[in-house]
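Given next are the chains, with one letter for each unit.
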Amino acid sequence: MVSVSTLHAEPVPDTVLMVDDNATNLQLLYQTLDGRGYKLLVAKSGEQALNIAARAQPALVLLDIMMPGMDGYEVCERLKRDPVTEKIAVIFLSALDDTSDKVHGFHLGAVDYIAKPFQVEEVIARVDTHLKIHRLEQDLERRNRQLEILNDRILQAMGEGIFGLDRKGQAIFVNHAAAAMTGWSESDLTGSDLLDEKADGARMPMAECVTPSSLTDGRIHFVDTASFIHRDGSRFPVEYSCAPIHEDERITGVVVVFRDISERIRTEAELKRSHEALQKSHQELLDAQMKLIQAAKLESVGRLAAGVAHEVKNPLAVIQLGLEYLSAEGEGDETEVLVIADMLNAVQRADTVIKGLLDFSREKELDLAVDNINRVIDVSLQLVKHELTQHNIRLFRELDDSLPDLDLDANKVQQVFINLFMNAIQAMGKDGDLIVRTTIQDLPPGDSDLPSCEFDEAQQLICVDVEDTGSGISDEGMAQIFDPFFTTKPVGQGTGLGLSVSRNIIKLHGGEIGLDNRPEGGVVARILLPVNKGAKDGKETNTAG
Amino acid sequence: MEKKRILLVDDEASLTRMMRLNLERTGKYEVREENMGSRAVETARQFRPDLIFLDVMMPDTSGDEVAAQLQEDEELKNIKFVFLTAIVTKGETEPGGGEIAGRTFLAKPVKTEELLACIERFVG
């Protein structure tokens, strides 16, 4: 903090130097001013006067003009010329009472003129007045100096860059921070047009800024993002305020206070990035949670299934066997036969539901054997052949004969295909095309929402597409297609467990299954199965043997 | 020809009754029911069946334990038995009984024809 206490200096007695070659006059002056609180010095010649003045720094010199050797004019001139003594107030004393002499004296820097022979009161009055004026001037100057220092210190101490611009955009003042931030020196900038280019083409810091509107509307403006130009030509982001300078009700310029916001922008970007990362991991957490919930759901369905199966199957067995007994025993009429057939059918349906539940809960272990997926597909197709014919569905079998063998649980995989084929047939109803295609892929095909799980990069994949030309699946349906008990089929026609069971089976094989609507209508179900090296080697051995 | 003797062990009495009625109607079998797992071995000793249909999950003694006791019994160890269970699905068994870990299973709800096929297979 800058102290301003020095503005109030201890009062020291004013020193008055009296210069006259005439000892009587000096005596008279001395008597006149003595005892009035001044420190009085005398000089009898111009040379002596200059010596004393330089040494004693009087506030006031009473200077006789007419002196032998160096006259009063010359003494005054010299006093005014020397920075050490220039501030000393000079009052001429002379018998010359010519206006031109007075004017000459004033021109040389004198403040007043006392004519000889002088009146005591006049001398006292004028000396007092001029000493007072001198004191006030000194005070004022000191205060000004202090204020300037203070201002300058504040200006320089500020972290913000400050430009004072006049109406034309020329810098009136520039603080240290402003110079440091822009790469120029304070003196380079001061006096330059900061809104423009220098003569040598160097672009000044605010060359890309519009003329501050504070100059015209007299208001303070804030600009939160702008570019200032560094001396090296690079731009840096700033925010700045622009405030008008009012002088005598005129706007004479503006003060621009700016701050380099590169760091802030960096921080903000970083913050944004980490916020995004946070959001991402939050989403991942949510996803993981959803999967956990899903898994828990499946798990509980599994446990429920085993319990239900056990509790329901015994009564079902009783009904089944009882109905069989009744149907063989009685020679009952046609209606009775029909009723018993319906009841047996109902038992079968109930059993199918429970079977699905059990399948679902028990797909945990595979009975693996080296097999070819095409063979499993053909067996499965054989099993739905009747359905295809009945629904007038054309089969397009596009199987790649070069597929390597896999470790498969053929029965379970067959269950998956039958399930997919039956779904496709039911989706098409009557008339349609069923396309079954196998291909070998070096990378997961990334062309749709179909499964693209994380397989080893080097791993080959067998891709099985089962396509139908049916009605497709709604977005809502697509979202929950693999949920246990989700079904689009009419009540009684599906358990809603088929696809979730299928997915379990495929996942147990290290593969993925997904469904998507085809652009041309209908649905494509895609199964990706990783080719494990063991199976491939096995095939080669077989071929060789 | 002497009738084959079939023992049905299941804690559900209505189930063994239905099985018995269906088997007896063929006229080819003599059937006995036992609804207590803990009494199964004793009943077998008295009845000397050719084949036992044995429920796996019973409240007092499980079918598994019954089977173990039969196999340790010098007199009874040659009696054939087939498990009846609700936990195995039809896909895993076959009409004549599916093999799991060296044992034969029939999945509930069992049909008469499956019982008959199974008897045919084991005791002709």
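For the structure itself, look to the data block above.
Small disclaimer: the values here were computed from a predicted structure and weren't measured.

Engineer: Can you break down the side chain of threonine 61 of chain B residue by residue, with the values?
Structural biologist: Residues and elements named next belong to chain B. In this fold, threonine 61 is placed in the loop between strand E3 (51-55) and helix H3 (63-72). In this structure threonine 61 comes out as buried when scored by relative accessible area, which is 11%. In terms of polar contacts, threonine 61 uses its side chain to reach the backbone amide nitrogen of serine 38, at 3.5 Å. Excluding its chain neighbours within four sequence positions, the residues that come into contact with threonine 61 are Gly37, Ser38, Val66 and Gln69.

Engineer: Summarise the sheet that holds strand E7 (residues 171-174) of chain A; cite the residues concerned and give the values.
Structural biologist: Residues and elements named next belong to chain A. On the basis of which strands lie adjacent, the open sheet formed by 5 strands has the order E7-E6-E10-E9-E8 and antiparallel pairing. With one partner strand each, in any of the chains shown, E7 and strand E8 (221-229) form the two edges of the open sheet. The mean angle between the axes of side-by-side strands here comes to 30°, regardless of whether they run parallel or antiparallel. Direction of pairing for strand E9 (residues 235-247) relative to strand E10 (residues 250-260): antiparallel, over a ladder of 10 bridges. Residue glutamate 239 lies in a different strand from E10, and its bridge partner there is arginine 259.

Engineer: Quick one: what's the story with the nonpolar core, residue by residue and with numbers?
Structural biologist: All names here are of chain A. Counting residues in each nonpolar core, the largest one holds 40 residues, and the members touching the most others are Ile373, Ile377, Phe417, Phe421, Leu434, Leu515 and Ile527. A per-element tally of this core places helix H12 (residues 410-428) first, with 9 residues. Judged by nonpolar contacts, the second largest core, of 26 residues, contains Ala179, Phe236, Tyr240 and Val256.

Engineer: Give a detailed account of unusual backbone geometry, specifying residues and quantitative values.
Structural biologist: The omega torsion across lysine 116 of chain A and proline 117 of chain A is -5°, close enough to zero to call that bond cis. Within the secondary structure, proline 117 of chain A is located in the loop between strand E5 (112-115) and helix H5 (120-157). Along the chain, lysine 108 of chain B connects to proline 109 of chain B via a cis peptide bond; the corresponding omega equals -5°. Take proline 109 of chain B: it is sitting in the loop between strand E6 (103-107) and helix H4 (112-123). With a phi close to 50°, glutamine 57 of chain A is a non-glycine residue in the positive phi region. The class for glutamine 57 of chain A is partly exposed, based on a relative accessible area of 40%.

Engineer: Talk me through the pattern of salt bridges; I want residue IDs and the actual numbers.
Structural biologist: All names here are of chain A. A full pass over the atoms with the stated rule returns 42 salt bridges over all chains. Among the salt bridges present, the one from aspartate 20 reaches lysine 116, with a minimum N-O distance of 3.1 Å. Here the residue aspartate 20 occupies a position in the loop between strand E1 (15-19) and helix H1 (23-33), and lysine 116 occupies one in the loop between E5 and H5, the gap between them amounting to 96 residues. Of the charged contacts, one joins glutamate 467 and arginine 437 as a salt bridge, the two residues approaching to 2.9 Å between their closest N and O atoms. Pair noted here: glutamate 467 is in strand E15 (residues 461-468) and arginine 437 is in strand E14 (residues 432-441), with a separation of 30 residues, a long-range link. Glutamate 467 sits in the buried class, given a relative accessible area of 9%.

Engineer: If you had to explain the pairing of E15 of chain A to someone new, which residues and values would you point to?
Structural biologist: Consecutive residues of a regular strand have side chains that alternate between opposite faces of the sheet. Residue and element names in this part refer to chain A. Most of E15 sits out of view: 8 of its 8 residues are buried. As paired elements, E14 and E15 share 8 bridges and run antiparallel to each other. The residue of E15 that forms the bridge with isoleucine 435 is glutamate 467.

Engineer: Pulling in residues and values, what's your account of the packing of aromatic side chains?
Structural biologist: One pass over the structure, following the stated rule, counts 9 aromatic pairs over all chains. Geometrically, the ring pair formed by phenylalanine 163 of chain A and phenylalanine 258 of chain A is tilted, given 5.0 Å between the ring centres and 35° between the ring planes. Of the two residues, phenylalanine 163 of chain A is situated in strand E6 (residues 161-166) and phenylalanine 258 of chain A in strand E10; the sequence distance between them amounts to 95 residues. A single burial state applies to phenylalanine 163 of chain A and to phenylalanine 258 of chain A, both of which are buried. Ring centres of phenylalanine 81 of chain B and phenylalanine 83 of chain B lie 5.7 Å apart, and the angle between their planes is 75°; this geometry places the pair in the edge-to-face category. Of the residues examined, phenylalanine 81 of chain B reaches a relative accessible area of 15% and is grouped as buried.

Calculation criteria
- Residues numbered from 1 in each chain as written.
- Chains lettered and ligands numbered in written order.
- Predicted model: local features only at pLDDT ≥ 70, side-chain atom pairs only at ≥ 80, totals over all residues.
- Heavy atoms only, no water.
- Helix = DSSP H or I, 4+ residues; strand = E, 2+ residues; numbered from the N terminus.
- Buried < 20%, exposed > 50% of the residue type's maximum accessible area, 1.4 Å probe, protein only.
- Polar contact = N/O pair within 3.5 Å; in protein donor to acceptor, adjacent residues only side chain to side chain.
- Contact = heavy atoms within 4.5 Å.
- Pairing = 2+ DSSP bridges.
- Axes fitted to C-alpha atoms, helices over the stretch in contact; angles between N-to-C directions.
- Core = buried A, V, L, I, M, F, W, Y, C linked by side-chain atoms within 4.5 Å.
- Salt bridge = Lys/Arg side-chain N within 4 Å of Asp/Glu carboxyl O.
- Phe/Tyr/Trp six-rings, centres within 6.5 Å; stacked < 30°, edge-to-face > 60°.

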